[in-house]
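What the coordinates show
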Amino acid sequence: MRILVINGPNINMLGIREKDVYGNGSYVELLAFIEKVCAENDIDVHLFQSNHEGAIVDVIQQAYAKFDGIVINPAAYTHTSIAILDALKAVAIPTVEVHLSNVAKREAFRQVSYAGMAAVKTFMGLGFEGYKEALLFLKQYVVGGN
Ligand code: DQA
């Protein structure tokens, strides 16, 4: 199965930004982690990161009929982007939302998730492990079986 993993703004700054919130692991280490999980689980993965809302909308649109699932951490756009929500609804590809931190326990402005309204499941507060949970959940959700 083909899964598109999308990371939003500032996720490329992992390992530098707010380590107390997001941990010490770098973005390059996150990509290696995701690639390992996918290799072990027979998932064909495509990795994408952008700091630009429109670029994220574009890659979601381009995924139409090409990917079986999407894992997305929209980062700050989680809480603001109706455009990303609409793109996810437009392509109707099963989507799992991931957040490294536990946004439910953070500021009031992080309590709305637009992308989450199009997601079949959300994993938060698990660090890198949340991406693994999301990929395995999505595989089970789409392919089923064992
Ligand atoms: C985040 C949480 C968001 O609120 C924040 O804007 C991010 C990262 C997370 O992974 O915990 O940039 O999506």
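Definitions and cut-offs
Residues numbered from 1 in each chain as written. Predicted model: local features only at pLDDT ≥ 70, side-chain atom pairs only at ≥ 80, totals over all residues. Heavy atoms only, no water. Near = heavy atom within 4 Å. Polar contact = N/O pair within 3.5 Å; in protein donor to acceptor, adjacent residues only side chain to side chain. Areas by Shrake-Rupley, 256 points an atom, 1.4 Å probe, with all protein chains shown as cover. Helix = DSSP H or I, 4+ residues; strand = E, 2+ residues; numbered from the N terminus. Buried < 20%, exposed > 50% of the residue type's maximum accessible area, 1.4 Å probe, protein only.

1. Points about the site of the ligand
If you check the shell around the ligand, you find R17, Y22, N73, A75, A76, H79, H99, L100, S101, V103 and R110 and nothing else. In the model, an oxygen atom of the ligand is placed 3.1 Å from a nitrogen or oxygen of the R17 side chain. R110 is positioned such that a nitrogen or oxygen atom in its side chain is 2.8 Å from an oxygen atom of the ligand. In isolation the ligand offers 320 Å² of accessible surface; the protein chains occlude 98% of this area.

2. Let's talk about unusual backbone geometry
Despite not being glycine, A75 has its phi angle at roughly 50°, a positive value. Mapped onto the elements, A75 comes out in the loop between β3 (69–73) and α4 (82–91). The class of A75 is buried, set by a relative accessible area of 12%. One non-glycine residue with positive phi stands out, namely A92, at about 55°.

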